[in-house]
Every structure is written in C-alpha cells, then in structure tokens.
Amino acid sequence: MWYVIEGYDGEQVLAKRQAARAAHLARLQALLDQGRLLVAGPCPAVDAEDPGMAGFSGSVVIAGFEDLAAAKAWAQADPYVAAGVYSRVEVRPFRKVLP
C-alpha cells in the first residue's frame, strides 16, 4: 500500500538539511530502485522553485510499504530526523486515484 510521509522542518535548519541531504537522498534512491517510490520532494518555504536562504517548510514522500508500522519505522529512521531537520513527521495511508 502507498503511504504519504510528511516531514515538517523546524526553524533555522537549512544548514542541517544540506548536511544530511546526501544520506536522505540515498534512502529515497533505494526506494526508487525497489519500485516503491511514487514521488518525493521538498516544499519550498516561499513561492519559488529555488527558495534560496528561505529554505524549505518540509518534505513529502509517497512510497509503498507493507503496512503503516513499516512506513512509520522507515520515516523515523530518516537522516533528516536524526539531524534535527524535521520538527515532526506524519505518516498516513494514501490511495492513488489519478493519473
């Protein structure tokens, strides 16, 4: 089943985000390689493709897991959690309808 994982950035965490980015992307690449990643990306803190020093308000990942517990465990093991980028993470089931 698909699960949406939303990580919400804390205050003034752009440097932490940049430091943990490679490890974060490696985990997403692993999901992609396994055919389990629907979409993933950051949410700019301002209305711009490149938010510059404004940074990001968080990230969204939609990926396949065997159950909610597995999705939550994967989310809590994210390098952005360990680095203190995310102030909170929410995980819930997702049903893809379109396209």
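Quick look at the structure, then. (Residues numbered from 1 in each chain as written. Predicted model: local features only at pLDDT ≥ 70, side-chain atom pairs only at ≥ 80, totals over all residues. Heavy atoms only, no water.)

## Focus: helix 2 (residues 68–76)
Here is step 1 of the chain: Looking at helix 2, one finds that the buried residues are Ala71, Trp74 and Ala75. Each buried residue of helix 2 lies within a common arc of 100° when the element is viewed along its axis, so the set occupies one face.
Here is step 2 of the chain: Where the residues of helix 2 are buried, they touch strand 1 (2–9), helix 1 (14–33), helix 3 (79–82) and strand 4 (86–94).
Here is step 3 of the chain: Where helix 2 begins, the capping side chain belongs to Asp67, and its oxygen is found 3.3 Å from the backbone nitrogen of Ala69. (Buried < 20%, exposed > 50% of the residue type's maximum accessible area, 1.4 Å probe, protein only. Helix = DSSP H or I, 4+ residues; strand = E, 2+ residues; numbered from the N terminus. Arc of directions from axis to C-beta. Contact = heavy atoms within 4.5 Å. Polar contact = N/O pair within 3.5 Å; in protein donor to acceptor, adjacent residues only side chain to side chain.)

## Some thoughts on the pattern of salt bridges
Here is step 1 of the chain: Per the stated rule, a full pass over the model turns up four salt bridges.
Here is step 2 of the chain: Salt-bridge contacts for Asp78 lead to Arg27; the nearest nitrogen and oxygen are separated by 3.4 Å. In this pair, Asp78 is assigned in the loop between helix 2 and helix 3 and Arg27 in helix 1, connecting sequence segments 51 residues apart. Here Asp78 and Arg27 have matching classes, each one buried.
Here is step 3 of the chain: Residue Arg88 pairs with Glu90 through a salt bridge whose shortest N-O separation is 3.2 Å.
Here is step 4 of the chain: Take Glu90: its relative accessible area is 31%, and that puts it in the partly exposed class. (Salt bridge = Lys/Arg side-chain N within 4 Å of Asp/Glu carboxyl O.)

## Thoughts on helix 1
Here is step 1 of the chain: Across its 20 residues, helix 1 extends 27 Å between first and last C-alpha, which sits within 8% of the 28 Å expected from 1.5 Å per residue.
Here is step 2 of the chain: Of all bends in helix 1, the biggest is about 50°, found at Arg21.
Here is step 3 of the chain: The inward-facing, buried residues of helix 1 abut strand 1, strand 2 (37–44), strand 3 (56–64), helix 2, helix 3 and strand 4.
Here is step 4 of the chain: Phi turns positive, to about 75°, at Gly35, one or two residues after helix 1. (Expected span 1.5 Å × (residues − 1). Bend = angle between axes of the 7 residues up to and from the residue.)

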